[in-house]
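An overview of the molecular structure
Residues per chain, in single letters:
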Amino acid sequence: ADIFPPFIRQEGQQLTGPWIQSFAWLTQAQGMGVHFHPIEQPQLLQQVQSQPGSCGLGVAYSAGASETVRYVGRIAPITLSLYARRHTMPHIDQLADLHGYRIAAVNEAELVRRLDQAGLNYQTVEYRDGRGMTLLMSGQVDVLISDLSPSRLALAGGERAFVRLATLLQVERWLVCNTVMPVPALNRLRSALREGMFASETAPFWARAGLQDYYRQVRALWMEGPPTTVRLAVHP
């Protein structure tokens, strides 16, 4: 898994956080033993493709990657929204309204595709380093398109320092595995991930991380049925 705070954190050489702890508990309940290793996303898929018995936790869906790895189950939703410093941006109705503004966007394939489709100029930032919020709060960009991760909402003077202008879309993170993973193992993994990282049994791990409110909110919305996508209009 790649580091994705606060859901996946690295302490020394070990990975921890509610995604790691929840996945370990859910798979152990299925009689499976899992060993976690930190690896960045670009190398993660290469590792899973080449090593039988390996899986990647928290991978964004990619139609191209689906030909070389097996997408086993959804683990969590990631909601991408448009942020600005308070009182610095007008109301935004559609992506076309962002022309002429300096944009930073997390490097999520579906988001990048939509920004390209809208003909916008932007720079990409990684989830893991928190650089996007730093760029926004220092005035180096006008808007940031990022997820609702509690760690980012707590940065740069707290939530009062910035405002969410619009929700753009919801993407999902998955467990992916090597294509020759034995069918019995795949079935046990799918059973473990019936509710992703938000099964009722995982509540203590979220509470331990101070994310119990986030856990309850996501569980209430995401567990109602297939996630919906909320988008701003994109003019051709």
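The structure presented is a predicted model; accordingly, all values stated were derived computationally and were not measured. (Residues numbered from 1 in each chain as written. Predicted model: local features only at pLDDT ≥ 70, side-chain atom pairs only at ≥ 80, totals over all residues. Heavy atoms only, no water.)

Describing helix 3 (residues 109–117)
Each α-helix winds once per 3.6 residues, and so residues spaced three or four apart point in a common direction. Every buried residue of helix 3 is listed here: Leu-111, Val-112, Arg-114 and Leu-115. In a view along the axis of helix 3, the buried residues occupy a sector of 160°, so they form one face of it. Of the surrounding secondary structure, the elements contacted by the buried residues of helix 3 are strand 4 (70–85), strand 5 (103–106), strand 6 (123–125), strand 7 (143–147) and strand 8 (162–177). Once helix 3 finishes, Gly-119 follows within two positions and takes phi at roughly 70°, a positive value. (Buried < 20%, exposed > 50% of the residue type's maximum accessible area, 1.4 Å probe, protein only. Helix = DSSP H or I, 4+ residues; strand = E, 2+ residues; numbered from the N terminus. Arc of directions from axis to C-beta. Contact = heavy atoms within 4.5 Å.)

What to know about the state of the cysteines
Here the structure, examined in full by the defined rule, presents one disulfide. Between Cys-55 and Cys-177 runs a disulfide, and the two sulfur atoms are separated by 2.0 Å. On the S-S bond that ties Cys-55 to Cys-177, the torsion sits near 100°, and the link is right-handed. Placement of Cys-55 in strand 3 (residues 55–60) and of Cys-177 in strand 8 is noted, with a sequence separation of 122 residues between them. A relative accessible area of 0% places Cys-177 in the buried class. (Disulfide = S-S within 2.5 Å.)

Regarding the confidence of the model for the protein
Any residue range with low pLDDT should be treated as having predicted coordinates unsuitable for detailed reading. Of all residues in the protein, 88% attain a pLDDT of 70 or more, and the chain-wide mean is 85. When mean pLDDT is compared element by element in the protein, helix 1 (residues 18–29) scores highest at 96, while helix 5 (residues 150–153) scores lowest at 52. This model gives residues 226–236 a pLDDT under 50, and the stretch forms 28 contacts once residues within four places in sequence are excluded. (pLDDT = per-residue confidence, 0-100.)

Considerations on the environment of Pro-6
Among the secondary structure elements, Pro-6 is positioned in the segment before strand 1 (9–11). The exposure class of Pro-6 is buried, given its relative accessible area of 15%. Through-space distance from the C-alpha of Pro-6 to that of Gly-17 is 6.6 Å; in sequence the pair is eleven residues apart.

Here we look at the sheet that holds strand 3
One open sheet holds the six strands; their spatial order is 3-8-4-7-5-6, and the pairing between them is mixed. The two strands at the open ends of the sheet, each matched to only one other strand, are strand 3 and strand 6. Each strand axis lies, on average, 25° off the axis of its neighbour in the sheet, ignoring direction. One ladder, built from five bridges, connects strand 4 with strand 7; its direction is antiparallel. Bridge pairing in strand 7 places Ala-84 opposite Val-143. Helix-sheet contacts for helix 6 (residues 183–192) involve strand 3, strand 4 and strand 8, and the interaxial angle to strand 4 is about 40°. Taken strand by strand, helix 8 (residues 212–222) contacts strand 4 and strand 8, and its axis lies near 115° from that of strand 4. (Pairing = 2+ DSSP bridges. Axes fitted to C-alpha atoms, helices over the stretch in contact; angles between N-to-C directions.)

Brief notes about the nonpolar core
The tendency in soluble globular proteins is for nonpolar side chains to be buried as a group. Formed by 62 residues in total, the largest nonpolar core has its most connected members in Trp-19, Leu-98, Leu-111, Leu-175, Met-197, Phe-198 and Trp-206. The dominant element in this core, judged by the number of residues it contributes, is strand 4, at eight residues. When residues no more than four places from it in sequence are discounted, the contact partners of Leu-111 are Leu-80, Ala-105, Val-106, Ile-145, Leu-168 and Leu-169. The next biggest cluster of nonpolar side chains, apart from the first, holds nine residues, and it includes Leu-44, Leu-45, Val-59 and Tyr-71. (Core = buried A, V, L, I, M, F, W, Y, C linked by side-chain atoms within 4.5 Å.)

Quick notes on the packing of aromatic side chains
Following the criterion strictly, the structure yields 15 aromatic pairs and no others. Aromatic pair Phe-4 and Trp-19: ring centres 5.4 Å apart, planes at 55°, arrangement tilted. On the criterion of sequence distance, the pair formed by Phe-4 in the segment before strand 1 and Trp-19 in helix 1 is long-range, its members being 15 residues apart. With a relative accessible area of 1%, Trp-19 lands in the buried category. Ring centres of Tyr-61 and Trp-174 lie 6.3 Å apart, and the angle between their planes is 50°; on these two criteria the pair is classed as tilted. Of this pair, Tyr-61 sits in the loop between strand 3 and strand 4 while Trp-174 sits in strand 8, and the two are 113 residues apart along the sequence. Since its relative accessible area comes to 18%, Trp-174 is described here as buried. (Phe/Tyr/Trp six-rings, centres within 6.5 Å; stacked < 30°, edge-to-face > 60°.)

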